[in-house]
Amino acid sequence: MIIKTFNFEKYVDCIIKIIPLNVAIFLMMTLYRLFFFFYFKNGLALDGLYNSLFKSFLLGARLDIATLAYINLFVAFMFSIFLVIKNLLLFRISVYFLKIYYFLAFSTIIVLDIIDFGFYVSFGEHINILIFDFFSDDTFALIKTILYDHRFLIALISLFIITFIIYKLIAFTTSQLTSKHTIIDTSVFNFISKTLVILLIPFSIFCLARGTLSMFPLGKFHAQVSNNQFINNVALTSVHSFCDALDAKISQIDNYVDIAQKFNVKKEEIDTNIFNKVSSVNSMAEEIKPNVVFIILEGFGELPILYNSQNFDVLGELAKHFQEDFVFYNFLSAGKITVHALESTILNMPQRPFSLQITQTSKAFKQFSSSIVLPYKKANYFTKAIYGGSLAWRDINNFLKAQGFDEVYGEGSIKNEFRHQWGINDAQFFELILRELKNSNGQPMFIYAMSTATHPPYETPPYYKPLNINIPRDILNMMPGETKYGVRIFESYQFANRQAAKFLSEIKSSEFAKNTIVVITGDHNLREFKATTQEELFKKYSVPMYMYVPEKLRKDMDVNISGCHMDIGPTLYDLSFSEAQYTAAGESLLGQHLSHVAFNSDGFILSNNKAVLYNPENANITYFNFNEKTKMLEITQETQEHKEMLEYYKKVVATSNEYLN
């Protein structure tokens with residue numbers, strides 16, 4: 001049928017002609033989901049999971065359809081407008097802009113898929129709010145790391161090929177839209193039928209975009225189809241993940257979210273004075289005034305240590321020190337990225353959901369009374385912060401100085417012969433700490449030091465000869481999709497540990513053995529480790545916390561209790577002071593807290609043999625039993641202990657939010 005004006009026949013014709021294009025894009029999205037599944041499943045045993053997997057792919061298809069429906073809402077609206085305008089020539093002109101719109105929209109999906117893939121490689125999660133930290137981090141180093149990855153070139157070529165195919169499909173579709181010939185004859189439709197069709201088409205597209213008849217539109221909230229987190233992740237789309245991240249970022253504009261309200265914590269129950277504390281009586285600490293060296297190693301996760309052996313020797317000489325001293329293994333990092341660890345350990349506070357990092361706000365220039373360094377300043381210690389990378393990273397130079405450090409060192413003030421992409425290597429990092437300690441001239445020192453080396457692309461000095469590293473199968477299974485770095489990850493990890501051991505040996509064989517406390521922990525686990533199931537979550541989040549304490553200062557410690565980064569400062573105060581006043585959200589690990597509660601930025605809460613996973617965004621709660629030997633979780637029903645752990649977490653986070661704001 002030939003038409004001369006934009007009428008009902010043309011409207012229906014246009015709707016029909018855009019369907020094949022959207023089906024083609026839907027098939028591309030489905031193929032990507034299949035690729036995502038097979039690339040990252042890496043040894044996942046599917047026995048008993050087929051039903052969940054089917055639900056995941058079905059939900060994924062619904063999410064993809066919802067994405068396409070959102071895109072086509074504008075198109076359907078445009079077609080409806082032309083039912084009023086009726087001008088066919090003007091419609092043909094508008095089709096040119098429709099061609100651009102479709103290309104930008106569909107290309108954006110492909111770009112987000114590629115970004116999401118890279119994000120999942122790094123963090124084991126789909127795009128989240130951390131994506132906006134790209135320009136806050138050491139952007140140049142990140143770009144170099146990305147360019148160094150062989151997958152970047154493959155992604156670039158794939159992007160070019162797929163967008164070219166999409167362009168051709170769109171060009172063909174839009175050329176069909178401008179044709180004067182229509183596919184079907186609708187002359188048999190009466191007025192009522194035509195009206196119903198015109199109303200039904202946009203309504204149907206709206207329903208597909210919403211995806212569900214429940215209270216909330218289809219999204220991440222609905223992605224809990226299995227106890228296996230990887231199966232849940234298969235369903236999620238990059239578009240929905242990015243939109244959720246963008247929504248979270250927008251909510252941070254004023255850098256204040258009422259967490260108490262979100263957590264249903266009563267305002268009258270919040271009292272920041274609970275953070276004002278006093279260290280225990282310690283006459284020996286008053287006499288000795290010990291040096292304190294607090295070291296955070298990049299990527300010093302616990303999982304490799306659990307498999308340490310002669311064939312997989314990731315500890316090297318550090319194993320000897322682990323046997324001689326205190327090591328807390330039921331220990332959680334503050335969050336998933338380095339700045340989480342830095343802020344929590346410096347400020348003695350937890351990482352808060354929905355909130356910008358302090359270093360990214362004007363509060364970076366404010367001195368907090370909870371600063372870990374202030375009690376040492378008050379006790380006439382010389383305080384120094386050493387960062388193995390650039391102090392321009394997240395502008396930590398200003399943040400560290402504001403918190404009261406007498407001196408702040410970065411890689412720019414350190415001569416380095418074998419620099420890696422993120423800063424100085426670990427050999428020189430520990431040499432610098434030892435040198436500064438030796439230059440104390442009798443004045444007690446507090447040194448806070450953070451390394452940068454165990455980080456992609458995992459470089460070690462050319463002279464380094466690694467010990468045996470035969471990666472266990474269990475370790476490989478927790479590194480889905482890792483094909484680039486392989487053994488280099490553990491060579492870098494091993495190198496850092498051996499340099500730490502060398503440093504400790506020099507401390508113990510010198511005069512510092514009697515008057516120096518050393519703490520070593522990690523900022524987060526190695527990025528390549530993913531928790532493919534909720535039962536493995538502890539292994540994803542855990543970092544060890546090692547302590548060397550001189551003989552005269554040693555106290556009984558239960559290394560089996562749960563701890564986290566914000567507990568380190570209070571623990572050090574108990575060891576190095578007597579009845580010193582301080583401010584901290586954490587609790588000393590020396591105290592007899594039989595139910596000591598640890599938690600992190602993801603709402604993972606641990607205490608004794610119980611654990612809780614609380615999602616701050618949607619209030620989903622999962623309860624676990626925790627096996628301290630296997631470090632595995634088992635889903636269980638809520639107990640009174642679980643309830644008290646969750647209440648403690650909510651109250652501390654809500655109170656810290658009030659304090660930090």
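For the structure itself, consult the block above.
Let me begin by describing the structure that accompanies this report. (Residues numbered from 1 in each chain as written. Predicted model: local features only at pLDDT ≥ 70, side-chain atom pairs only at ≥ 80, totals over all residues. Heavy atoms only, no water.)

**Focus: the packing of aromatic side chains**
- Under the defined criterion, the tally for this structure stands at 52 aromatic pairs.
- Ring centres of Phe300 and Tyr493 lie 6.1 Å apart, and the angle between their planes is 35 degrees; this geometry places the pair in the tilted category. Residue Phe300 is located in the loop between strand S2 (291–297) and helix H11 (303–306), and its partner Tyr493 is located in helix H18 (residues 487–508); the two are separated by 193 residues in the primary sequence.
- Residue Phe300 is classed as buried on the basis of its relative accessible area of 2%.
- With a relative accessible area of 1%, Tyr493 lands in the buried category.
- Centroid distance Tyr376 to Tyr381: 5.0 Å. Interplanar angle 70 degrees. Geometry classified as edge-to-face. Neither residue differs from the other here; Tyr376 and Tyr381 are each classed as buried.
- Over the face of the ring belonging to Phe354 we find Lys262, whose NZ or CZ atom lies 4.8 Å from the ring centre. (Phe/Tyr/Trp six-rings, centres within 6.5 Å; stacked < 30°, edge-to-face > 60°. Helix = DSSP H or I, 4+ residues; strand = E, 2+ residues; numbered from the N terminus. Buried < 20%, exposed > 50% of the residue type's maximum accessible area, 1.4 Å probe, protein only. Lys NZ or Arg CZ within 6 Å of the ring centre and 35° of its normal.)

**So, the environment of Phe172**
- Along the chain, the position of Phe172 falls in helix H5 (residues 150–177).
- Look at Phe172 and you get exposed, because its relative accessible area is 56%.
- Residues Phe172 and Val234, spaced 62 residues apart in sequence, show a C-alpha to C-alpha distance of 32 Å.

**Points about the sheet that holds strand S12 (residues 598–599)**
- With antiparallel pairing, the five strands of this open sheet are ordered in space as S12-S13-S14-S15-S16. Looking at the sheet topology across the chains shown, the edges are occupied by S12 and strand S16 (632–636).
- With five bridges connecting them, strand S15 (residues 621–627) and S16 associate as antiparallel partners. In the strand pairing of S16, Asn625 is matched with Glu634. (Pairing = 2+ DSSP bridges.)

**Some thoughts on a nonpolar patch on the surface**
- A cluster of nonpolar side chains, Phe77, Ile81, Val84, Ile85, Leu89, Leu90, Ile93, Tyr96, Phe97, Ile100 and Leu104, forms an exposed patch at the surface whose accessible area comes to about 1100 Å².
- When residues of the nonpolar patch are traced back to their parent elements, those giving at least two are helix H2 (50–85) and helix H3 (88–123).
- Among the elements that take part in the nonpolar patch, H3 stands out by supplying seven residues, more than any other.
- The residue Ile100 is located in helix H3 in this model. (Patch = residues over 30% accessible without salt bridge, like charges linked within 9 Å, V, L, I, M, F, W, Y side chains within 5 Å. Areas by Shrake-Rupley, 256 points an atom, 1.4 Å probe, with all protein chains shown as cover. Salt bridge = Lys/Arg side-chain N within 4 Å of Asp/Glu carboxyl O.)

**Quick word on the sheet that holds strand S8 (residues 516–522)**
- Strand order in this open sheet of seven strands is S3-S9-S8-S2-S7-S5-S6, and the pairing throughout is mixed. Each edge of the open sheet is held by one strand with a lone partner, namely strand S3 (326–328) and strand S6 (407–409). Between one strand and the next, the sheet's axes are offset by a mean angle of 10 degrees, whatever the strand orientation.
- Where S2 and strand S7 (residues 445–450) come together, five bridges link them in parallel fashion. Across the sheet, Phe294 pairs through a bridge with Tyr448, a residue of S7. (Axes fitted to C-alpha atoms, helices over the stretch in contact; angles between N-to-C directions.)

**Some remarks on the pattern of salt bridges**
- Under the definition given, this model contains 16 salt bridges.
- With its nearest N and O atoms 2.9 Å apart, the salt bridge here joins Glu317 to Arg498. Of this pair, Glu317 sits in the loop between H11 and helix H12 (318–324) while Arg498 sits in helix H18, and the two are 181 residues apart along the sequence.
- What makes Glu317 partly exposed here is its relative accessible area of 39%.
- Linking Glu407 and Lys384 is a salt bridge whose minimum nitrogen-to-oxygen distance equals 2.9 Å. Pair noted here: Glu407 is in strand S6 and Lys384 is in strand S5 (residues 382–387), with a separation of 23 residues, a long-range link.
- Given the relative accessible area of 30%, Glu407 is considered partly exposed.
- Salt bridges here are not isolated pairs; linked through shared partners, they connect Lys320, Glu324, Asp325, Lys508 and Arg554.

All quantities given are derived from atomic positions and should not be read as evidence of function.
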